[in-house]
Structures are given as structure tokens and as C-alpha cells.
Amino acid sequence: MPTRLRRLNRPLADTPPSIASVLMLAPLHLLLVGALDREWTLPLLLIHFGLFLLWQPVLNRRAVLRGWQTPAILAVVGVAAYLATWWTLSIWLAILLALTAGQSLSGQRTPPVNLGVGVYLLTMALTVALPSAVGVALPARLHTLAQWGLPLLVILAALRSHRLAVGPADRPLDFVYSLLVFLLVSLIGLGAVVWHQQTGAPFFIALAEAMLLAALALYGLSRLWSPARANWGIADVFSIHLLGLGTPFEEWLARVGELQRQARDPDEFLSKALEQLATQPWVQGLQWQAGQRQGGLGVMTAHHLRSEAPPLQLTLSVNRRPGPALQLHVKLITQVLAEHYLAKEREEVMRVNTYNQAIFETGARLTHDVKNLLQTLKTLCSAAEHTSDDEAPALQALVKRQLPAITERLEGTLDRLRHPTAQGSELKAAKDWWLRAQDRWQGHGISFAASTLRGHDTLPAELFDSVLDNLLRNALAKRDQQPVVEIRVAMRWEGGISLSVEDSGHAIPDEVTTRLFRHPVASQRGGMGVGLHHVAQLAEQSGYRLRLDQNEPGGVLFRLAPHHS
């Protein structure tokens, strides 16, 4: 477009939509209230079509015409202006009404200018252009109303819309609504013409009857479309048809959910889901790529659809040219597969992380067990170094009792290291365990007291060993800071065997008790600070609970008891 024409088009393109509607209808109105055989007919039509290109809601109003577009538009406009008759004007008015209604029905609030323009176009099409086309003379009052009343209505509506700063350009055009409105107006107009010619009834009587029949038909269709007291209507059937596309889509979705639960890894899920998709009757073949993996099934035809939802790229081949509904379906299918694929990947990552976490926690817990066993061995070595010849038989008896227990605990530690996710602990006689515990900790100034234990009472030895070792090591650490600290260990029956360790040292700080058992706590003895955290987890796995029953200066009591006690 030349520079001068661009400069001229810029202010016209910036014209508010409401004002553009009035400018577009002005030359058309002068033509409709005049006569077609006048010398101004062709110029008025050309001006009207030019202003229509600036008002129209179909294309971008700021678009620049290039190449063959300008000659093509001029040729169409010239032919339409040359062949202008009342019939062609009636059709053109119906087209303008459809475009206006397509904008009005696509939004929640209809601009006043759209209402005014719609009333003007409908009235002029059915009461001026169409009667003139069939040779019916207009009544004088109707002619006066069309000549002065309707333009005034459009101007007032345009001013109202301009003040509200809303107009047709603010809304997209719905071509379906436009087509339906055009067909409805054409049906009413042609029905009135046919009824007038077949029965000889006055044209405006025939027009009123045609409008009444159309209103009754629309009312009946609206009741069938969405019945108020029925579960199903035409709208539901139509929606199911659009969503189903003639394929068992819901069954495929259910199958995909089942595959997601059954598949072991993401690749297996994707392969089986795509195999299910390839069995759909409208799918001729498919190609896919997910990360570094790719593949294909079936036969690829000339009609195919590509869709992408990271990390999945999917190309489906169909047996006919795909429509918009099928394209939407393919996007939905790709999104569903991609989301399930990503969920399966996250599930696999979580499974690996869970396994690694189990290894870490087991390793940390076993480190404490090994450290406690090492302390026991050091104690035995120290006792051997400081034992006289007279005490040798007693030392030998102690070593005979302790070494098998230490060996057994080391073997259990190695077994847990080989199988970090294994849970549970071997049950052993409570009496035997209690005697070995006293032997292991004798010489440390620890008081042991137990209520009467029955011969058939059992306990998880691994759990009780770990809890007792950790609690006594912590209590002995207090004795290093406070020389006079009494340590008491008690065992009794509380709906199950319970173990308590009490010391008379200082209370545990509040900032530590809030994290105790639930999180690793920084150790003040150079350790890892995770001992009680891990034994508490081990207790939960074994059906026990480790808790702090008392925490005050001179009385800190830990208790290990069954959950139900």
C-alpha cells in the first residue's frame, strides 16, 4: 500500500468501533431509502464496501493488503455494485446481521451499538429490502420510520457504546453463531415470500406468521436441546458425539489408568499405552519419541496429526483429513500420556530414593551398633588388662558369656547391611536377654531391677539391645560431666515387656526435646547425633514406642514400651 494510503488508513483504522459502525451504515442507509436506479448507487456502494473493510470483525483492521489481495477485493466489490438489486441487498443485510450477532453472542455483555445495529439491519432486511424485492409497496409510516427512526436508534446506541468504551472490535467473531443467525433470517424471509405468493396473503401478514412459526420452532428446539426435567437432551447427545468421535475413548482412558498402576517402569507403561491407542479404529499408525527413546506402530498415511507435551512427541496417522475436534482429541491424548509417563518417572525416582534412604538410615544405625559393640570389646579388653590371676576364672566366665552375644550382634549387623529394607527382629527369651544385658554392663555402676519375668516372655532382642546401648551411652556421657549420676535400668510387664532407663543428671534442653526421636540431633560427644532417631524408627517398625516420660533435673526417664500400653 502506498505511503499516502497508509497515512489515510491509520486514522480510519483507529476509529472507535461504535463510530465505525455508524460510518459503515450511513451510505447503505442512503441507498436503501432512495432508489437503485439513481446515479449515486454505484458510488454509495463503493463507499459502503470500503468502510465495511474498516469495520468488519473477520480480519485485522490494521492489516496491509498485498499482492493480489487488493485487485481481488476491488473486483468483487465492483461486480457486487454493478449487479446490485433488492435481492442482493437483502442477502447483504442478512450477512451484516449475522456478523453483528456473531460478536454479540460470543460475549457475556452485548454492547448497545450491536443491539442498535442488529435491530436496524433486521428491520431494514425484512421490512424494506425484501418487500421491495417482491414488488410490495412500503406503507408511508413504515417508510418514515425506516428513514428517520432507525438511523436515530443506531446513532444513540453508538454514542452509548462509545461512552462505555466497548464495541464489536473488543470481541471475537463466532462463525457458528453467525451462520445460525444467517440461516434463521433467510428462513424467515424466504418463508414469508413463499407464503405471500402461495396464499396471496399480504406480505407483512405472511412475514408475521413466518416469524411466529420460527419462534415456536426455536422454543421447541430449546426445550429439546436442554430439557429442564430430563437427564438427557440433544445437547448431551451432541456433546457425547463430539467427545467420543466414534471411538471408545473412555475405555481407553480407563485402560491407561490401569496400565499406569500395573507397569513397572515408564517405558513399559508408554509402550503398552501406545499399543492400546494403535488399536483405535480411527488410528492407522503412530510414531512417538520420549527422551532418547522412539518408535512407531502401524502404517503412516498422508493425513497425520502432530502433538507435543514434554517429554512426549506423538504423531498420529488417520484415514481422512483431520478436523478441529480430532486435533483437540490428539492434544488431550498426548497430554494424558505425558502426565502418566512423568508420574511413572517420579514414582521410579521415589522408589530409588526410598531404597537409598533405607541404606543410609541402616548404615547410620549400624554405625552406632558397631560403635557400641566396640565399646563393649574395649571394656572387656580393659577388664582383661586389669584383672589379677585370682580373678582370671571370673574374667574367663564373663568373656565366655559376652563373646557369643557380641558375635551374634555382629552377625545381625551384617545381615541388616546386606538387606537394608528388611524389617523385623528375632524374638528371644526376656530372661536370657536381661541376664546378658547385666553382664555386658557390669562394672559401670548401673542399677538393674526387674519385676518377675515369666519363662515364656519374649522380646525383640535387636531392638532392646540398640535402645539400651544408646540410652546407657548417653547417660554415661552425663556422668563424665557430673561425677555423681545414678543410672537405673528397669524392666516390667505393661501389656508387653517394657524397658526404662533413668538417670539423675541434668535435664535435656527444650530445643533438643522438640526434635528428639523425630530428627537427628547434634551430638555433644563427637558422634553422628542420629542414635535415638534411628532406634525410635526401629521401635516403630517393631510395634514399640520410645518416649521421654520424665525430663527434669535429677530425673530423666526414657521408656520403651509396646504401642498399646
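Counting restarts for each chain, with residues numbered from 1 along the sequence as it is written. A pLDDT threshold of at least 70 governs which residues receive local features in this predicted model, and a stricter bar of 80 or more applies before side-chain atom pairs are shown or counted, although totals over entire chains, interfaces and linings include all residues. Where side-chain values are given, they derive from all heavy atoms of the structure, hydrogens and water being excluded.

**Remarks on the sheet that holds strand S2 (residues 293–298)**
- The pairing criterion for strands is at least two bridges between them, as found by DSSP. By definition, any uninterrupted DSSP run of H or I lasting at least four residues is a helix, any uninterrupted run of E lasting at least two residues is a strand, and each is numbered from the N terminus. Sheet architecture is open: 4 strands sit in the order S2-S1-S4-S3, paired in antiparallel fashion. The sheet is open, and its two edges are formed by S2 and strand S3 (303–309), each paired on a single side. For this sheet, the mean angle separating the axes of adjacent strands, direction not counted, is 10 degrees.
- Relative to strand S4 (residues 312–318), strand S1 (residues 283–290) runs antiparallel, the two being bridged by 7 bridges. Note on S4: the bridge partner recorded for Val-283 is Val-318. The axes used here are C-alpha line fits, helices contributing only the stretch in contact, and every angle between their N-to-C directions lies in the interval 0 to 180 degrees.

**With respect to the environment of Ala-133**
- Inspection of the secondary structure assignment puts Ala-133 in helix H6 (residues 112–133).
- Along the chain, Ala-133 and Leu-89 lie 44 residues apart, while their C-alpha atoms are 9.1 Å from each other.
- Residue contacts follow a heavy-atom distance rule, with two residues in contact if any of their heavy atoms lie within 4.5 Å. Excluding its chain neighbours within four sequence positions, the residues that come into contact with Ala-133 are Trp-86 and Trp-87.

**Overview of the sheet that holds strand S8 (residues 487–493)**
- Spatial ordering of the open sheet is given by S6-S8-S9-S11-S10, a layout of 5 strands whose pairing is mixed. Two strands in the sheet have a free side with no partner beyond their single neighbour: strand S6 (446–450) and strand S10 (544–552). Across the sheet, the mean angle from the axis of one strand to that of its neighbour is 15 degrees, orientation sign disregarded.
- Here strand S9 (residues 497–503) pairs with strand S11 (residues 555–562) via 5 bridges, running antiparallel. Across the sheet, Val-501 pairs through a bridge with Phe-558, a residue of S11.

**Concerning the nonpolar core**
- The biggest cluster of nonpolar side chains holds 39 residues, and the ones touching the most others in it are Leu-25, Leu-32, Leu-93, Leu-96, Tyr-120, Leu-121 and Met-124.
- Mapped onto this core, the elements with two or more residues apiece are helix H2 (17–32), helix H3 (41–55), helix H4 (69–82), helix H5 (86–104), H6, helix H7 (140–164) and helix H8 (175–199).
- In contact with Leu-96, not counting residues within four places along its chain, are Met-24, Leu-28, His-48, Phe-52, Trp-55 and Leu-121.
- Nine residue types can take part in a nonpolar core, namely buried Ala, Val, Leu, Ile, Met, Phe, Trp, Tyr and Cys, and a core is a set of them joined through side-chain atoms within 4.5 Å. Burial classes follow relative accessibility: with a 1.4 Å probe on protein chains only, a residue under 20% of its type's maximum area counts as buried, one over 50% as exposed, and anything between as partly exposed. By size, the runner-up hydrophobic cluster in this structure holds 38 residues, among which are Trp-441, Leu-453, Ala-461 and Ile-508.

**Overview of helix H18 (residues 531–541)**
- Burial of H18 is extensive: 8 of the 11 residues sit out of reach of the surface.
- When we look at burial in H18, the residues that qualify are Gly-531, Leu-532, His-533, His-534, Val-535, Ala-536, Leu-538 and Ala-539.
- Immediately beyond the C-terminal end of H18, within one or two residues, lies Gly-543, with a positive phi of roughly 85 degrees.

**Focus: the packing of aromatic side chains**
- Only rings of Phe, Tyr and Trp enter the pairing, Trp through its six-membered ring, and a pair is recorded when the two centres are within 6.5 Å. The plane angle decides the type: under 30 degrees is stacked, over 60 is edge-to-face, the rest tilted. Tallied over the full model, the rule gives 6 aromatic pairs.
- Ring geometry for Phe-52 versus Trp-92: centroids 5.0 Å apart, planes at 70 degrees, classification edge-to-face. Here the residue Phe-52 occupies a position in helix H3, and Trp-92 occupies one in helix H5, the gap between them amounting to 40 residues.
- Assessed through its relative accessible area of 12%, Phe-52 is described here as buried.
- Ring geometry for Phe-464 against Tyr-544: centres 5.6 Å apart, planes inclined by 90 degrees, an arrangement best described as edge-to-face. Placement of the pair is Phe-464 in helix H16 (residues 461–481) and Tyr-544 in strand S10, with a sequence separation of 80 residues.

**What about a nonpolar patch on the surface?**
- To count toward a patch, a residue needs a relative accessible area above 30% and no salt bridge. Like charges then connect within 9 Å, nonpolar side chains (Val, Leu, Ile, Met, Phe, Trp, Tyr) within 5 Å. Each accessible area value is a Shrake-Rupley result obtained with a 1.4 Å probe; residue values ignore everything except the protein chains displayed when judging cover. Each reported salt bridge corresponds to a side-chain nitrogen of Lys or Arg within 4 Å of a carboxyl oxygen of Asp or Glu. Residues Leu-152, Ile-155, Leu-156 and Leu-159 make up a contiguous nonpolar surface patch of about 380 Å² in total accessible area.
- With respect to the secondary-structure elements, Leu-159 resides in helix H7.

**Remarks on the pattern of salt bridges**
- All chains considered together, the criterion is met by 9 salt bridges.
- The salt bridge involving Glu-268 is made with Lys-272; its shortest N-O contact spans 3.1 Å. Of this pair, Glu-268 and Lys-272 both sit in helix H12 (residues 266–278), 4 residues apart, which is roughly one turn of the helix.
- We note a salt bridge from Arg-559 to Asp-549, for which the minimum N-O separation is 2.7 Å. Here Arg-559, found in strand S11, pairs with Asp-549, found in strand S10; they are 10 residues apart in sequence, far enough to count as distant.
- It is possible to trace a salt-bridge network through shared partners that takes in Glu-486, Arg-488 and Glu-502.

**Examining the packing of H16 against H18**
- Contact geometry of H16 with H18 gives a least axis separation of 10 Å together with a crossing angle of 155 degrees. Between H16 and H18, the angle falls in the class roughly antiparallel. For the pair H16 and H18, the sense of crossing is left-handed. The segment H16 lies against H18, with Glu-462, Leu-463, Ser-466, Val-467, Asn-470, Leu-471 and Asn-474 engaging Gly-531, Leu-532, Val-535, Leu-538 and Ala-539.
- For the contact of H16 with H18, a count of residues per class yields 7 nonpolar, 4 polar and 1 charged. Small angles under 35 degrees read as roughly parallel and large ones over 145 as roughly antiparallel, with 65 to 115 read as roughly perpendicular and the rest as oblique. Each crossing gets its handedness from the near helix: less than a right angle anticlockwise from the far helix is left-handed, clockwise is right-handed. Side-chain classes are defined by residue name, with Ala, Val, Leu, Ile, Met, Phe, Trp, Tyr, Cys and Pro counting as nonpolar, Asp, Glu, Lys and Arg as charged, and the others, Gly among them, as polar.

**Thoughts on the packing of H6 against helix H9 (residues 203–225)**
- Between H6 and H9, the shortest axis-to-axis distance is 11 Å and the interhelical angle comes to 130 degrees. When the axis of H6 is compared with that of H9, the two are oblique. Remark: the crossing between H6 and H9 carries right-handed chirality. The residues of H9 that touch H6, namely those facing Leu-126, Thr-127, Leu-130 and Pro-131, are Phe-203, Phe-204 and Leu-207.
- Of the residues contributing to the contact of H6 with H9, the split by class is 6 nonpolar, 1 polar and no charged.

Any link to function would need more than the numbers given here.
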